[in-house]
Amino acid sequence: MFNNFQKLPEGKLRNDIMDLSTKLNINVGDVYCVDGSKRSQNANAYVYGFGKEKRIVVYDSLLEQLNDDEILAILAHELGHYKKNHGSLSILLQIVTMGIYLFSLSQTIYSISFYKSFGFAEQNIGVGLCLFSYLYQPFGSAINVISNVVQRAFEYQCDKYSLELGYDIEQALILMHVNNVYNIIVDKHYSRYYNSHPSLMERLEKIEETRTKKEFIQQRIKQD
Ligand SMILES: [Zn+2]
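Residues numbered from 1 in each chain as written. Predicted model: local features only at pLDDT ≥ 70, side-chain atom pairs only at ≥ 80, totals over all residues.

A.B. asks: Give a description of the overall build of the protein that names residues and reports values.
C.D. replies: Looking only at helices and strands, one finds nine helices and four strands in the protein. Against the compact-globule benchmark of 17 Å for 224 residues, the protein has a radius of gyration of 23 Å, which places it well outside the compact range. With the C-alpha coordinates aligned to their principal axes, the bounding extent of the protein is approximately 75 × 50 × 35 Å. Counting every position in the protein, which comprises 224 residues, the buried fraction comes to 19%. Long-range pairs, those at least 24 residues apart, make up 66% of the contacts in the protein with a sequence separation of at least 6. (Helix = DSSP H or I, 4+ residues; strand = E, 2+ residues; numbered from the N terminus. Rg over C-alpha atoms; globule rule 2.2 N^0.38 Å. Buried ≥ 20, exposed ≤ 12 C-beta atoms within 10 Å, placed from the backbone. Contact = placed C-beta atoms within 7 Å.)

A.B. asks: I'd like a description of the nonpolar core, backed by residues and values.
C.D. replies: Within the largest apolar cluster, 26 residues are counted, with the highest numbers of intra-cluster contacts made by Ala-45, Val-58, Ile-74 and Leu-75. Listing elements by their share of this core, those giving two or more residues are β2 (28–34), β4 (54–59), α3 (68–83), α6 (125–164) and α7 (169–179). Here this core takes eight residues from α3, the largest share from any one element. (Core = buried A, V, L, I, M, F, W, Y, C linked by C-beta atoms within 7 Å.)

A.B. asks: Before we move on, can you summarise unusual backbone geometry with the specific residues and values?
C.D. replies: With a phi angle near 60°, Asn-25 is a residue other than glycine that sits in the positive phi range. Relative to the helices and strands, Asn-25 is located in the loop between α1 (12–23) and β2. Positive phi values are uncommon outside glycine, yet Asn-85 reaches one of about 55°. Along the chain, Asn-85 turns up in the loop between α3 and α4 (86–109).

A.B. asks: Break down α4 for me, with residues and values.
C.D. replies: Here α4 contains 24 residues, and its C-alpha end-to-end distance of 34 Å stays within 8% of the 34 Å for a straight helix at 1.5 Å per residue. The buried count for α4 comes to zero of 24 residues, which makes it a mostly uncovered element. (Expected span 1.5 Å × (residues − 1).)

A.B. asks: Hey, could you go over the environment of Tyr-110 for me, with residue numbers and the actual values?
C.D. replies: With respect to the element layout, Tyr-110 can be found in the loop between α4 and α5 (112–117). For the pair Tyr-110 and Gly-80, spaced 30 residues apart in the sequence, the C-alpha separation amounts to 44 Å.

A.B. asks: Residue-level account of the pairing of β2, with values.
C.D. replies: Bridge count between strand β1 (residues 5–7) and β2: three bridges; the pairing is antiparallel. Looking at β2, one finds that Gln-6 is bridged to Cys-33. In this sheet, β4 lies alongside β2 in parallel orientation, the contact comprising six bridges. When the bridges of β4 are listed, Asp-30 appears paired with Arg-55. (Pairing = 2+ DSSP bridges.)

A.B. asks: Would you mind going over the packing of α6 against helix α9 (residues 200–223) in detail, with residue names and values included?
C.D. replies: Between α6 and α9, the least distance of the axes is 10 Å, while the angle of their chain directions is 50°. Classed by the angle they form, the pair α6 and α9 counts as oblique. Where α6 crosses over α9, the handedness of that crossing is right-handed. Contacts between α6 and α9 pair Glu-155, Tyr-156, Asp-159, Lys-160 and Leu-163 from the former with Arg-203, Lys-206, Ile-207, Thr-210 and Arg-211 from the latter. Among the residues forming the contact of α6 with α9, the class breakdown is three nonpolar, one polar and six charged. (Axes fitted to C-alpha atoms, helices over the stretch in contact; angles between N-to-C directions. Parallel < 35°, antiparallel > 145°, perpendicular 65-115°, else oblique. Left-handed = near helix turned anticlockwise from the far one by under 90°. Nonpolar A, V, L, I, M, F, W, Y, C, P; charged D, E, K, R; others polar.)

A.B. asks: Provide a residue-level description of the sheet that holds strand β3 (residues 45–48), including the pertinent values.
C.D. replies: Taken together, four strands build an open sheet; the order of strands is β1-β2-β4-β3 and the sheet is mixed. Both edges of this open sheet fall to β1 and β3, since each of them pairs with a single strand only. Across the sheet, the axes of successive neighbouring strands diverge by a mean angle of 30°, strand direction being ignored. Contacts between α1 and the sheet are confined to β2 and β4, with β2 contributing the most and set at about 135° to the helix.

A.B. asks: Any chance you could break down the environment of Leu-89 for me, citing the residues and the numbers?
C.D. replies: With respect to the secondary-structure elements, Leu-89 resides in helix α4. Through-space distance from the C-alpha of Leu-89 to that of Asn-4 is 29 Å; in sequence the pair is 85 residues apart.

A.B. asks: Would you mind going over the pairing of β3 in detail, with residue names and values included?
C.D. replies: Note that β3 and β4 share four bridges and pair antiparallel. Paired with Tyr-46 across the bridge in β4 is Val-57. Turn length for the β3-β4 hairpin, with the two strands adjacent in sequence and antiparallel, is five residues, and the turn residue Gly-49 shows positive phi of about 130°.

A.B. asks: Describe the environment of Ile-184, and please don't skip the residues or the numbers.
C.D. replies: Relative to the helices and strands, Ile-184 is located in the loop between α7 and α8 (188–194). On a C-alpha basis, the gap between Ile-184 and Val-28 in space is 33 Å, while along the polypeptide they are 156 residues apart. Apart from residues no more than four positions distant in its own chain, Ile-184 is found in contact with His-177, Ser-199, Leu-200 and Met-201.

Here it is as structure tokens:
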């Protein structure tokens, strides 16, 4: 039922992870491995801890599927989320979304004019909830799309973060997607509407864009 956490054994990978954390000014107490692959095929890693000392958790599937450099590329992406406070910003976004929902709900189901506009003479909370759920659907979809835009921007930012730290994030992402049989090619409009994470092709395109821009700037600096 519960995941089994074990300390990552001493060795090159653990040392490299600790060095990367130090380089990024993240005080990491220890690195753990979790047997997430028993319940989920999603290979990943995350940072957690509320105090000064953080912990890095790497899924065993990530360790099995990728080599050390590729694991570090994914970790650099995850540490990017931590450095850029994406976790807190996502929670804030959810609170705002929930606030909008509850405010709209309170403004409608307790309003007699709301019921009258639909031909009901009296206030009935059951009817109000049904009507509200229909009315809120388009707004809910719009809010969902906005939330996806934000979450997807976070993903692009962290791919760029890993790339700028010198890691081959492309190779790591390709292997993760192939090994976990993720959908690799998704229509971009469908992806933007439904998915909080960009598809592999969208991510690779963005990484290529970043790399081209970087090379262009470097060439201009050399010419000047
Ligand atoms: Zn991410």
